[in-house]
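Spelled out from the first residue to the last, the chains are:
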Amino acid sequence: MARLGVNIDHVATLRQARGVDYPDPVEAALAAERAGAGAITFHLREDRRHIQDHDLLRLRQQIHVHLNQELAPIDEMVELALKLRPHEVCLVPERRQEVTTEGGLDARGLNARLAPIIARLKDAGIGVSLFIDPMDRQVEAAAALGADFVEIHTGAYANLADKDLAERYLTGVDSPRVLKAARLKLGEATAAELCKIRDAVRAARAAGLKPNAGHGLNYGNVAPIAAIAGIQWLHIGHAIVARAIAVGMGRAVSEMLELAGGGRSAAPRARVASAAASRRSRMTRA
Ligand code: PXP
């Protein structure tokens, strides 16, 4: 079963919109961790539109679960990742004008640029993932480059599935539980995109890569992706942060865990509990 990584960039987007120090993406990450998220994902963009440099160290110091840093394959970001040492980095393409990461990385076309970056990150003990479109030739290129993971871009599937679902939202069926029960009926184009993702996951596993998936996934469209065997991590941001505004981060994460099927992450919770217990015992002794 895939495990859930929560992307907290959009908490920082809201903070930056006012130029103040709240809401705090690290506080949101801690709430997601307490609710059972297995990973926290963040993207320090070159234009610093959401996550800021000062967030990185706090995330590294305070988060106990798997830390996944998205970054553009440029020297500045690679140096920062080498200092921060997250568990995993996901190399993504970055265009200044885009609202969010649009397409996958061209692992094949960028081979010469990516090879030395991947080698440095791996030498530092950081797991390397490449965010790619669901295409065999990109999976093969990622494997040839020595990546550990690929994150399969689910954006095209998600956009189509959202169109299939629009009528249900418009008629007010907005509870994730109800959406699950109603069973998403995929249109032909959506089913074809889902097939591409399934094939890419299968090809990645056959090539010895660990497949992740993400982008555009939400409470309505996640189930068919979560049902694909062999996906390691589902990285989901916008939908969870948006839902958290209505119901709080804890419930937003719990609802997604229920739909994504991976269940709560137990080991980090034990570490969080033991850290709290040792804090309590220090206080008792003092
Ligand atoms: N995976 C990657 C590589 C991304 O760039 C993003 C967006 O930052 C996500 C997953 C999460 O996408 P969303 O916010 O649409 O869930």
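Cut-off values and rules
- Residues numbered from 1 in each chain as written.
- Predicted model: local features only at pLDDT ≥ 70, side-chain atom pairs only at ≥ 80, totals over all residues.
- Heavy atoms only, no water.
- Helix = DSSP H or I, 4+ residues; strand = E, 2+ residues; numbered from the N terminus.
- Contact = heavy atoms within 4.5 Å.
- Areas by Shrake-Rupley, 256 points an atom, 1.4 Å probe, with all protein chains shown as cover.
- Phe/Tyr/Trp six-rings, centres within 6.5 Å; stacked < 30°, edge-to-face > 60°.
- Lys NZ or Arg CZ within 6 Å of the ring centre and 35° of its normal.
- Pairing = 2+ DSSP bridges.
- Axes fitted to C-alpha atoms, helices over the stretch in contact; angles between N-to-C directions.
- Salt bridge = Lys/Arg side-chain N within 4 Å of Asp/Glu carboxyl O.
- Buried < 20%, exposed > 50% of the residue type's maximum accessible area, 1.4 Å probe, protein only.
- Core = buried A, V, L, I, M, F, W, Y, C linked by side-chain atoms within 4.5 Å.

Draft legend 1. Spatial organisation of the overall build of the protein. Looking only at helices and strands, the protein has 13 helices and 8 strands in total. Looking at the protein alone, contacts between residues at least 24 apart form 69% of all its contacts between residues at least 6 apart. Carbon and sulfur atoms make up 53% of the accessible area of the protein, which amounts to about 13,500 Å² in all.

Draft legend 2. Seen up close, the packing of aromatic side chains. Under the defined criterion, the tally for this structure stands at 0 aromatic pairs. The ring of tyrosine 219 has arginine 243 sitting right over it, with the charged end atom 6.0 Å from the ring centre.

Draft legend 3. Spatial organisation of the sheet that holds strand S7 (residues 210-214). One closed barrel accounts for 8 strands, arranged S1-S2-S3-S4-S5-S6-S7-S8; its pairing is parallel. Strand after strand, the sheet turns through a mean of 25° between neighbouring axes, direction not considered. With 3 bridges connecting them, strand S1 (residues 3-7) and strand S2 (residues 39-43) associate as parallel partners. Bridging across to S2, valine 6 finds its partner in isoleucine 40. Each of strand S6 (149-153) and S7 is contacted by helix H9 (residues 188-206), which is oriented at about 175° to S6, the strand it contacts most.

Draft legend 4. Quick look at the pattern of salt bridges. Under the defined criterion, the tally for this structure stands at 11 salt bridges. Linking arginine 48 and aspartate 53 is a salt bridge whose minimum nitrogen-to-oxygen distance equals 2.6 Å. Exposure remark for aspartate 53: the relative accessible area of 35% places this residue in the partly exposed category. Here lysine 122 and aspartate 148 are joined by a salt bridge, their closest N and O atoms 3.8 Å apart. You can see lysine 122 sitting in helix H5 (residues 111-123) and its partner aspartate 148 sitting in the loop between helix H6 (136-144) and S6, a full 26 residues away along the chain. You can call lysine 122 partly exposed: its relative accessible area is 36%. Connected via shared salt-bridge partners are Arg48, Asp53 and Glu76.

Draft legend 5. Layout of the pairing of S1. Of all 5 residues in S1, 4 are buried, a share of seventy percent or more. Pairing analysis gives 4 bridges linking S1 to strand S8 (residues 233-236), with the strands arranged parallel. The partner of glycine 5 across the bridge, within S8, is histidine 235.

Draft legend 6. The arrangement of the nonpolar core in detail. By size, the foremost hydrophobic cluster in this structure holds 81 residues, and its most contacted members are Leu130 and Leu234. Take this core: its biggest share by element is 7 residues, from helix H12 (residues 249-260). Leave out the neighbours within four places in its chain, and leucine 234 touches Ala2, Arg3, Leu4, Gly5, Ala213, Leu217, Val222, Ile225, Ala226 and Ala260.

Draft legend 7. Quick look at the environment of alanine 158. The residue alanine 158 is located in helix H7 (residues 155-170) in this model. Judged by its relative accessible area of 0%, alanine 158 falls in the buried class. Residues alanine 158 and isoleucine 225, 67 residues apart in the sequence, show an inter-C-alpha distance of 9.6 Å. Residue contacts for alanine 158: discarding those within four places in its chain leaves His215, Gly216, Leu217 and Asn221.

In short, geometric facts, not functional conclusions.
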